[in-house]
Amino acid sequence: MAENEVKLTKLAKCAGCGAKVGAGVLSQMLEGIRVHQDPNLLVGFDKSDDASVYKVSDDLALVQTVDFFPPIADDPYLFGQIAATNALSDVYAMGGEPKLCLNIMAVPESMPKDAVHQMLRGGYDKVYEAGALITGGHSILDDEPKYGLAVTGFVHPDRVLTNSGAKPGDVLLFTKPLGIGVLSTAQKAEMLSPEGEVLAYRLMTTLNKSARDAMVKYRVHACTDVTGFGLLGHACEMAQGSDVDLELRVADIDLIPEAASLAQMGILPAGMYRNRTFAEPEVDPGETELWQQDLLYDPQTAGGLLMAVDPADADALYQELKACVPSAQRIGTVLPHGGGRRIFLR
């Protein structure tokens, strides 16, 4: 290794969204904090949603979010791209368009200046691809590098998508395969194949822009991006917020083959166990094998969009997604809440 090169993942205890505070712990941290009311605040932190939404006029609402994490790739430019992709995703999940971004960065004092430059360039290039702008930011010194963005987007107030609008009969569509957390864990242990590494980085740098642009043409009742809480964690939040049950067909969920093999070997991220602790009380696993459950709890970095779509529009949206997303999947159905567990694996 050249003198000015640095293996970023060796400087981090956790990788990407695997460093996220568990959903159960997070809700306890927020419990009891007074929420001030404002009629123009359409979505606030009292909801388990992807971003806040504030109505500015009858035709315009601001979508705001922030996301940052420690390195999930050794290459600084690639890490910058992944972190930006992940941060932008929350705006897409709300049906919005990202417009303005601010850098959030923590770097060791000893980190080579070129590595810092490449990390920032990766973020800038991905934000430019999204059609947005980086207009400044904030940086501090820290022993562990971290990078991300605060993002502001625009959306029409009547077209805001939340994770709490799913209706019985809706079809569940999903737009990326699962297993990123497992692949990232294997990469840190130097157990990931070169092909698996290429796939993981391609998925984590694919914006959810095309998925968002497709879904806003149809009657989508709820949407969330699947990131640190895993598919079951985010599905649980959607079911609770919408007061519905979700039936997921495991055979129809795209599990990355190498991630499946690694999961069966027990190569699993710590975040998977946190996600299981949070969501498992709401999940009826049926006859789903343990390793499959593990992948459904696996924390994703820059994961896909989970949509609850009106059944009359599901076929058309599914066909459009097949042409523009990494993996269009019809993975289940929304059911009326039966009073018990909310997620049923079949």
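Everything discussed here concerns the structure shown above.
Residues numbered from 1 in each chain as written. Predicted model: local features only at pLDDT ≥ 70, side-chain atom pairs only at ≥ 80, totals over all residues. Heavy atoms only, no water.

A.B. asks: Run through the nonpolar core, naming residues and quoting values.
C.D. replies: Side chains of a nonpolar character, in soluble globular proteins, are inclined to be buried together. In this structure, Leu-149, Leu-172, Leu-231, Leu-248, Leu-296, Leu-306 and Ile-343 are the most contacted members of the largest nonpolar core, which totals 83 residues. Beyond its immediate chain neighbours, meaning those up to four positions away, Leu-306 contacts Leu-172, Leu-173, Phe-174, Ala-222, Cys-223, Thr-224, Val-226, Leu-231, Ala-235, Met-238 and Ile-331. The next biggest cluster of nonpolar side chains, apart from the first, holds 18 residues, and it includes Leu-161, Ala-211, Met-215 and Val-220. (Core = buried A, V, L, I, M, F, W, Y, C linked by side-chain atoms within 4.5 Å. Buried < 20%, exposed > 50% of the residue type's maximum accessible area, 1.4 Å probe, protein only. Contact = heavy atoms within 4.5 Å.)

A.B. asks: For the sheet that holds strand β7 (residues 171–174), give the residues involved together with the corresponding values.
C.D. replies: Strand order in the open sheet formed by 7 strands is β8-β11-β7-β12-β9-β13-β10, with mixed pairing between adjacent strands. A strand with exactly one partner marks an edge of an open sheet, and here the two such strands are β8 (220–225) and β10 (283–284). Across 5 bridges, the pairing between β8 and strand β11 (residues 305–309) is antiparallel. Residue Asp-225 lies in a different strand from β11, and its bridge partner there is Leu-305. Helix α7 (residues 230–242) contacts β7, β8, β9 (244–248), β10, β11, β12 (329–336) and β13 (343–345) of the sheet and is inclined by roughly 150° relative to β9. (Pairing = 2+ DSSP bridges. Helix = DSSP H or I, 4+ residues; strand = E, 2+ residues; numbered from the N terminus. Axes fitted to C-alpha atoms, helices over the stretch in contact; angles between N-to-C directions.)

A.B. asks: Go over the pattern of salt bridges with me, naming the residues and quoting the values.
C.D. replies: The final tally for this structure, using the stated rule, is 15 salt bridges. The salt bridge involving Asp-142 is made with Lys-146; its shortest N-O contact spans 2.6 Å. Given a relative accessible area of 26%, Asp-142 falls into the partly exposed group. A salt bridge links Arg-330 to Asp-315; its shortest N-O distance comes to 2.3 Å. With Arg-330 in strand β12 and Asp-315 in helix α11 (residues 311–322), the pair connects residues that are 15 residues apart, well separated along the chain. On the basis of relative accessibility, which here comes to 27%, the residue Arg-330 falls in the partly exposed class. The class for Asp-315 is partly exposed, based on a relative accessible area of 48%. The network of salt bridges with shared partners includes Asp-142, Glu-144 and Lys-146. (Salt bridge = Lys/Arg side-chain N within 4 Å of Asp/Glu carboxyl O.)

A.B. asks: Describe in detail the pairing of strand β5 (residues 133–141), supporting the description with residues and values.
C.D. replies: As defined by bridge partners, strand β4 (residues 97–107) adjoins β5 across 7 bridges and the pair is classed as parallel. Bridge pairing links Ile-104 to His-138 in β5. Following the chain from β4 across helix α3 (residues 113–129) to the adjacent parallel β5, one finds a crossover that is right-handed. (Right-handed = clockwise from strand over helix to strand, strands pointing away.)

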